[in-house]
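Observations on the three-dimensional arrangement
Letter by letter, the chains look like this.
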Amino acid sequence: MNRFNVKRIQGSWDGAALRRFSRSTAAMLLCVVVAGYLALGVASSGSFFEGPSVRVFLQYLATPILIGLAQMVALCVGQLNLAVGALGGFTACLMGVLMADHGVPAGLAVIVGLLTATAIGLATGVAIVATRINGFIVTLATMTILLGAQYRLTGTRTVDGYSRTLRDFGTAAPLNIPLVFVTALVAAALLAAFMYRTVAGRRLLAAGGNPLAARLSGISTDRQIVAAHTLSGLLIGVAAVTATASLPGVNRSVGGDWLLPSFAAPIIGGVALTGGSIAVLGTVLAAFVTRLIDAARAQFSLDPSWVNLLIGLVVLGTVAGGRLHQTRLGRTGGTAAPPAEGGKQPPAVLPQPGGAR
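Here is a short report on the structure shown in this document. (Residues numbered from 1 in each chain as written. Predicted model: local features only at pLDDT ≥ 70, side-chain atom pairs only at ≥ 80, totals over all residues. Heavy atoms only, no water.)

With that settled, the discussion passes to the overall build of the protein. The helix and strand inventory of the protein stands at 15 helices and zero strands. Across the 357 residues that make up the protein, the buried fraction comes to 45%. Sequence-distant contacts in the protein: of pairs separated by 6 or more residues, those separated by 24 or more amount to 76%. On the protein, roughly 17700 Å² of surface is accessible, and the fraction owed to carbon and sulfur atoms is 66%. (Helix = DSSP H or I, 4+ residues; strand = E, 2+ residues; numbered from the N terminus. Buried < 20%, exposed > 50% of the residue type's maximum accessible area, 1.4 Å probe, protein only. Contact = heavy atoms within 4.5 Å. Areas by Shrake-Rupley, 256 points an atom, 1.4 Å probe, with all protein chains shown as cover.)

So, about the nonpolar core. One finds F57, L61, I65, L69, L191 and F288 to be the most contacted residues of the largest nonpolar core, which totals 88 residues. When residues of this core are assigned to their parent elements, the largest contribution, eleven residues, is made by helix α5 (residues 84–102). If we ignore the near neighbours within four places in the chain, the residues touching L69 are A188, L191, L235, V280 and T283. Counting residues in each nonpolar core, the second largest holds five residues, with I128, V138, I225 and V226 among its members. (Core = buried A, V, L, I, M, F, W, Y, C linked by side-chain atoms within 4.5 Å.)

Mapping L122 onto the fold places it in helix α6 (residues 106–131). Given the relative accessible area of 39%, L122 is considered partly exposed. C-alpha of L122 to C-alpha of V226: the two residues are 104 residues apart in sequence and 6.1 Å apart in space. Beyond its immediate chain neighbours, meaning those up to four positions away, L122 contacts V226, H229 and T230.

Further remarks concern unusual backbone geometry. In this model, S45 sits at a positive phi of 60 degrees, which is unusual for a non-glycine residue. The topology assignment puts S45 in the loop between α2 (25–43) and α3 (51–59). Phi at R132 is positive, roughly 60 degrees, even though this residue is not glycine. Assignment of secondary structure puts R132 in the loop between α6 and α7 (135–154).

Bringing the environment of L273 into the picture now. With respect to the helices and strands, L273 occurs in the loop between α13 (259–269) and α14 (280–300). In sequence terms L273 and C76 are 197 residues apart; their C-alpha atoms lie 7.7 Å from each other. With near-sequence residues (within four places) excluded, L273 lies in contact with L75, G78, L80, I267 and V319.

Our next topic: the packing of aromatic side chains. Under the defined criterion, the tally for this structure stands at six aromatic pairs. Considering the side-chain rings of Y37 and F57, the 5.8 Å spacing of their centres and the 75 degrees angle between planes classify their relative orientation as edge-to-face. Of the two residues, Y37 is situated in helix α2 and F57 in helix α3; the sequence distance between them amounts to 20 residues. Ring geometry for F57 and F288: centres 6.4 Å apart, planes at 45 degrees, overall tilted. Here F57, found in helix α3, pairs with F288, found in helix α14; they are 231 residues apart in sequence, far enough to count as distant. Of the aromatic side chains, those joined through ring pairs into one cluster are Y37, F48, F49, F57, F181 and F288. The ring of Y162 is capped by R167, whose NZ or CZ atom sits 4.4 Å from the centre of that ring. (Phe/Tyr/Trp six-rings, centres within 6.5 Å; stacked < 30°, edge-to-face > 60°. Lys NZ or Arg CZ within 6 Å of the ring centre and 35° of its normal.)

Here we take up a nonpolar patch on the surface. A surface patch of nonpolar side chains, amounting to about 630 Å² of accessible area, comprises L18, F21, L30, V34, L38, F49 and L281. Among the elements of the structure, α1 (3–22) and α2 are those that each provide at least two residues to the nonpolar patch. Per-element accounting of the nonpolar patch gives the leading share, three residues, to α2. If you trace the backbone, L38 turns up in helix α2. (Patch = residues over 30% accessible without salt bridge, like charges linked within 9 Å, V, L, I, M, F, W, Y side chains within 5 Å. Salt bridge = Lys/Arg side-chain N within 4 Å of Asp/Glu carboxyl O.)

The structure is reproduced here in structure tokens:
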């Protein structure tokens, strides 16, 4: 094959990929982000485009991205994690108390926080597998326990005397790009590489897409549930670090408003509630959209309850639209495979002798 044919084939592949992207949810969200950002800039007479405004916008975007990714990992195996906000708030308060009350260095406090969040995620997954209780109930119980533990740590006070090093990390913004935002993007890139490029990541998707086919292929669905909750806990720990670094102090209210955004980002981004799919770019862009809505609320002095109502309606509409699309494909015999039991798309997993528990 000569060089001309190679270039022509490469060009056709690139064109096909570009056409697929143009029809994807991520492309639509990208257009919404650009249009929304420009509209807010015009409405603010250009002040929204200035360096300080850009820095603040991106600084408080890091946490929504991370909690959306954490929820996405749980959704990819068909699980729901209701403890996202409670675990993030507890971890943030734990780090703050360690630094302010016990003089623990910032680096050690962050490591303790990350390990604690990961361990709680691991314990949650083990509890789901060991008890065979629905993950909705287990994470609801975990949320209740962690809310009590968070109140026990801080009571009614605000912990604000923690390490200056962590505060500097939260406010550092070379070229008006906050380091906490860069941290969230790096976490998203690493997660995408893990899910798309590693065997462990593909096993998570296989277990979520069609548990029966996964078991017949030798993949332990129980292990994948535990792994998903463990990874979700780690991402929540990173979100707690960015929140602690960005906020002036931590108290029992930290994490209280994380649950809805954690579901909104992956669902709007194109992740199915039934498992077997992820959308890292879509989740990141959907977090941008929800942050733009919040910025518009501040710009036009809107009631916060209307913002929550709008986000909730968008999430409900996205789920309903996806369900109708699956139903229509099933009736018309479209190119997409019809949903398997529970609405899950079967992955490309070939049955092999010798299943796993």
